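# Per-entry structural report
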Amino acid sequence: KVKQLSEAAQKIGDVVTLEDGPLSLTVTGPFATGLAAEADNLCLRAARFAGREVAITLEKNLPVASGIGGGSADAAAVLRALDVSPAGTQSLGADVPVCMAGLPTRMRGLGEILDPLPALPPLHLVLVNPGRGLSTPAVFNALPRRENPPMPETLPDFPGADALIGFLRTCRNDLEAPAISLMPEIATCLVALNDAGAQLARMSGSGATCFGLFPDAARAQAARTAIARAYPSWWVAASGLAPAKG
């Protein structure tokens, strides 16, 4: 019996448990109703990729289709538990190889070019989701142009959180505007994070989850409490990200 915590959001991540087969998937947890155990579920596809007959239980604690890599991290957890090499796992999804590594990484291309980074400084963040999933293909279809200025070829050092946040302020998420056009609540999430004192607030991936970075754990928890009180139907969580080294 093997249990793995998905790396999507550390202590607030999904939990994947593997036992001897036959191959099956049982979904539990607060977001189980939003994720059917259909044949093409990423956890099942990962087990098939590994060629293993295992019974999988997925405790779904993260919102479904929320732009924080929950499904990819779940698949990566299955593959890690089965001691599978990352080679070729991009066929399961562009984010699966980087989730298998579980380290700070620069992703390029379609996710197949991975450059490990030095350990990042500790961060304190709040995750906010308006309670609805958002289709990634729909967001990309709403993107007016796909040729945009790239990040610098060489990234600077980040000796502390302030340096990292300062660099992130110079970056952007090209999917944010098209995602907001499809789901205006995302803009409300960003406003809520900024009003709660975030040093930086951005949409994650293709949405709809947004994240805010805060100076310390106490202010992150206070922001989580305030936002959850103001928007009781939202999913709101606070977490600390500790440095990770290879």
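Keep in mind that this is a model prediction, so the values were computed, not measured. Every chain begins its residue count from 1, and numbering advances along the sequence as written. Under the rules for a predicted model, residues below a pLDDT of 70 receive no local features and side-chain atom pairs below 80 are neither given nor counted, while totals for whole chains, interfaces and linings still include all residues. The basis for the side-chain values is all heavy atoms of the structure; hydrogens and waters are excluded.

### Overview of the nonpolar core
For the purposes of this section, nonpolar cores are sets of buried Ala, Val, Leu, Ile, Met, Phe, Trp, Tyr and Cys residues that join through side-chain atoms within 4.5 Å. For the exposure calls, accessible area comes from a 1.4 Å probe over protein chains only, and a residue counts as buried if that area is under 20% of its type's maximum, exposed if over 50%, partly exposed in between. Residues Val 16, Leu 18, Leu 25, Ile 56, Val 78 and Leu 79 are the most contacted members of the largest nonpolar core, which totals 27 residues. Strands are runs of DSSP state E lasting at least 2 residues, helices are runs of H or I lasting at least 4, and numbering of each runs from the N terminus. Listed by contribution, the elements that provide at least two residues to this core are strand E2 (15–20), strand E3 (24–28), helix H1 (42–50), strand E4 (54–59), helix H2 (70–81) and helix H3 (96–101). The dominant element in this core, judged by the number of residues it contributes, is H2, at 6 residues.

### Describing the packing of aromatic side chains
The description of an aromatic ring pair uses the distance of the two centres, along with the angle that the planes make with each other. Centre distance within 6.5 Å is the pairing criterion for rings of Phe, Tyr and Trp, where only the six-membered ring of Trp is used; planes under 30 degrees apart are then read as stacked, over 60 as edge-to-face, and the remainder as tilted. Within this structure, the stated rule accounts for 2 aromatic pairs. When the centroid spacing of 3.9 Å and the interplanar angle of 5 degrees are considered together, the rings of Tyr 231 and Trp 234 count as stacked. What makes Tyr 231 partly exposed here is its relative accessible area of 30%. Owing to a relative accessible area of 13%, Trp 234 belongs among the buried residues under this scheme.

### Remarks on helix H7 (residues 185–195)
All of the buried residues along H7 are Ile 186, Cys 189, Leu 190, Ala 192 and Leu 193. Considered in projection along H7, the buried side chains sweep an arc of 160 degrees and stay on one side of the axis. Downstream of H7 by a residue or two, Gly 197 has a phi angle that is positive, lying close to 100 degrees. The directions from the helix axis to the C-beta atoms are what the arc is built from.

### Overview of the packing of H1 against H2
Under this scheme, a helix contributes an axis fitted over its contacting stretch, all axes are lines through C-alpha atoms, and angles between N-to-C directions fall in the 0 to 180 degree range. The N-to-C vectors of H1 and H2 enclose an angle of 30 degrees; their axes lie 8 Å apart at closest approach. Of the two possible hands of crossing, H1 and H2 adopt the one that is right-handed. Contact residues: H1 offers Leu 42, Cys 43, Ala 46, Ala 47, Phe 49 and Ala 50, while H2 offers Gly 71, Ser 72, Asp 74, Ala 75, Val 78 and Leu 79. Residues are sorted three ways: Asp, Glu, Lys and Arg are charged, Ala, Val, Leu, Ile, Met, Phe, Trp, Tyr, Cys and Pro are nonpolar, and all the rest, Gly among them, are polar. Considering only residue class, the contact of H1 with H2 consists of 9 nonpolar, 2 polar and 1 charged. When the near helix sits turned anticlockwise from the far one by under a right angle, the crossing is termed left-handed; a clockwise turn instead gives a right-handed crossing. The contact criterion used throughout is that any non-hydrogen atoms of two residues lie within 4.5 Å.

### Some points on H2
One less than the residue count of a helix, multiplied by 1.5 Å, gives the span that helix is expected to have. For H2, built from 12 residues, the straight-helix expectation of 16 Å at 1.5 Å per residue is met to within 8% by its first-to-last C-alpha distance of 16 Å. Extensive coverage of H2 is indicated by the burial of 9 of its 12 residues. Along H2, the residues that are buried comprise Gly 70, Ser 72, Ala 73, Asp 74, Ala 75, Ala 76, Ala 77, Val 78 and Leu 79.

### Topic: unusual backbone geometry
Across residues other than glycine, the phi torsion is negative in most instances, and most of the peptide bonds are trans. Note the cis peptide between Gly 21 and Pro 22, where omega equals 20 degrees. The topology assignment puts Pro 22 in the loop between E2 and E3. Along the chain, Gly 207 connects to Ala 208 via a cis peptide bond; the corresponding omega equals 10 degrees. Here Ala 208 shows up in the loop between strand E8 (200–203) and strand E9 (210–214). The phi angle at Ala 65 is positive, at roughly 55 degrees, despite the residue not being glycine. By the secondary structure assignment, Ala 65 is in the loop between E4 and H2. The backbone of Asp 83 shows a phi angle near 60 degrees, a positive value even though the residue is not glycine. With respect to the element layout, Asp 83 can be found in the loop between H2 and H3. Classification of Asp 83 as exposed rests on a relative accessible area of 71%.

### Considerations on the sheet that holds strand E7 (residues 123–129)
Two strands are counted as paired when DSSP detects at least two bridges linking them. If you walk across this open sheet you meet the 4 strands as E8-E9-E7-E10, and the pairing is antiparallel. Only two strands of the sheet have a single partner each, and these edge strands are E8 and strand E10 (235–241). The average angle at which neighbouring strand axes cross in this sheet is 20 degrees, direction not considered. Of the pairings in the sheet, the one linking E7 to E10 comprises 7 bridges and is antiparallel in character.

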